[in-house]
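# Descriptive analysis of the structure
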Amino acid sequence: MAVCIAVIAKENYPLYIRSVPTQGELKFHYTVHTSLDVVEEKISGVGKALADQRELYLGLLYPTEDYKVYGYVTNSKVKFVIVVDSSNASLRDNEIRSMFRKLHNSFTDVMCNPFYNPGDPIQSKSVFFCAHTLSIFYVTIH
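Read on for a plain summary of the structure. Note that the structure is predicted; figures quoted are calculated from it, not measured. (Residues numbered from 1 in each chain as written. Predicted model: local features only at pLDDT ≥ 70, side-chain atom pairs only at ≥ 80, totals over all residues. Heavy atoms only, no water.)

### Observations concerning the packing of aromatic side chains
The geometry of two aromatic rings is summed up by the distance between their centres and the angle between their planes. This is how it is decided: Stacked, tilted and edge-to-face are the three classes assigned to paired rings of Phe, Tyr and Trp, where Trp is represented by its six-membered ring and a pair needs centres within 6.5 Å; plane angles under 30 degrees give stacked, over 60 edge-to-face, the rest tilted. In DSSP terms, a helix is any run of H or I states spanning at least four residues, a strand is any run of E spanning at least two, and both are numbered starting from the N terminus. Partly exposed describes any residue whose relative accessible area lies between the buried limit of under 20% and the exposed limit of over 50%, with all areas from a 1.4 Å probe on protein chains only and scaled to the type maximum.
On inspection of all chains with the given rule, the structure shows five aromatic pairs. Between Phe 28 and Tyr 67, the aromatic rings sit 5.2 Å apart at their centres with planes inclined by 70 degrees, giving edge-to-face as the arrangement. Highlighted residues: Phe 28 in helix 1 (residues 25–43) and Tyr 67 in strand 4 (residues 67–73), separated in sequence by 39 residues. Neither Phe 28 nor Tyr 67 differs from the other in exposure class; each is buried. Here the aromatic rings of Phe 80 and Phe 107 are separated by 5.5 Å at their centres, their planes lie at 75 degrees, and the arrangement is edge-to-face. Of this pair, Phe 80 sits in strand 5 (residues 79–85) while Phe 107 is found in helix 3 (residues 93–111), placing the two residues 27 residues apart along the sequence. The pair formed by Phe 80 and Phe 107 is uniform in burial state, with each residue classed as buried.

Here you go:
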């Protein structure tokens, strides 16, 4: 399902980035960082209704020729970016939302850990396992 999963801090530096095809890892780092401009545009939209501001899921940020980039932002302005292969046409919006919810729950578990210092890179096994399960479908098909 997911080709790349990233957790970006409030100050726009990566806390966690994992990509499935490791040979294109630099390309995914670039894709994630370029998507931050679109995320900032969406969350700083002036004149939004109050209900829209509480929506954490940002939806499709932008499609490329090979991938689709989706975004999600927490109440504390931590951003999640998931890059999905464009050839996967059967992936629906509610499935993407579910992927973000799982990632957000995993991230919340990390934040609740008394031994984690907020702002440090995430090296938690629970986030790694969550990212692995979200991307395992991609590995088995390709």
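There's more to say after this.
### Quick look at the side chain of Thr 74
Of note, Thr 74 is situated in the loop between strand 4 and strand 5. A relative accessible area of 5% places Thr 74 in the buried class.

### Focus: the pairing of strand 4
Going by this rule: Strands are treated as partners if at least two bridges between them are detected by DSSP.
When you tally the buried positions in strand 4, you get six out of seven residues, the bulk of the element. Of the pairings in the sheet, the one linking strand 3 (residues 57–63) to strand 4 comprises five bridges and is antiparallel in character. Paired with Leu 60 across the bridge in strand 4 is Tyr 70. Alignment of strand 4 against strand 5, held across seven bridges, turns out to be antiparallel. Within strand 5, the residue paired with Val 69 across the bridge is Val 83. As consecutive antiparallel partners, strand 4 and strand 5 are separated by five residues, and within that stretch Lys 77 has a phi angle of approximately 70 degrees, a positive value.

### Brief notes about the pairing of strand 5
Counting buried residues in strand 5 gives seven out of seven residues, a clear majority hidden from the surface. Where burial is concerned, the two faces of strand 5 agree: the one with Lys 79, Val 81, Val 83 and Asp 85 and the one with Phe 80, Ile 82 and Val 84 are both buried.

### So, the sheet that holds strand 1 (residues 2–8)
Hydrogen bonding along the main chain pairs the strands of a sheet, whether they run parallel or antiparallel. For clarity, the threshold we go by: For helices, the fitted axis covers only the stretch in contact; all axes are lines through C-alpha atoms, and the angles between them, taken along N-to-C directions, range from 0 to 180 degrees. In this description, contact between two residues means that some pair of their heavy atoms is separated by no more than 4.5 Å.
Strand order across the open sheet formed by five strands is 2-1-5-4-3, with antiparallel pairing between neighbours. Edge strands, defined here as strands with exactly one partner in the open sheet, are strand 2 (14–19) and strand 3. The sheet shows a mean angle of 15 degrees between the axes of neighbouring strands, direction not considered. Where helix 1 meets the sheet, it contacts strand 1, strand 2, strand 3, strand 4 and strand 5, and its direction lies at approximately 125 degrees from that of strand 3.

### Looking at helix 3
Count 3.6 residues to each turn of an α-helix, and residues three or four apart come out pointing the same way. Put simply, the rule is: By this rule the span expected of a helix is its residue count minus one, scaled by 1.5 Å. The arc under discussion is defined with respect to the helix axis, by the directions toward the C-beta atoms.
Given a rise of 1.5 Å per residue, 19 residues ought to cover 27 Å, and the 27 Å separating the end C-alpha atoms of helix 3 matches this to within 8%. For helix 3, the full list of buried residues reads Ile 96, Met 99, Phe 100, Leu 103, His 104, Ser 106, Phe 107 and Val 110. Seen end-on, helix 3 carries its buried residues on one side only, within an arc spanning 165 degrees. Of the residues in helix 3, the exposed ones pointing more than 90 degrees away from the buried face are Asn 105 and Asp 109.

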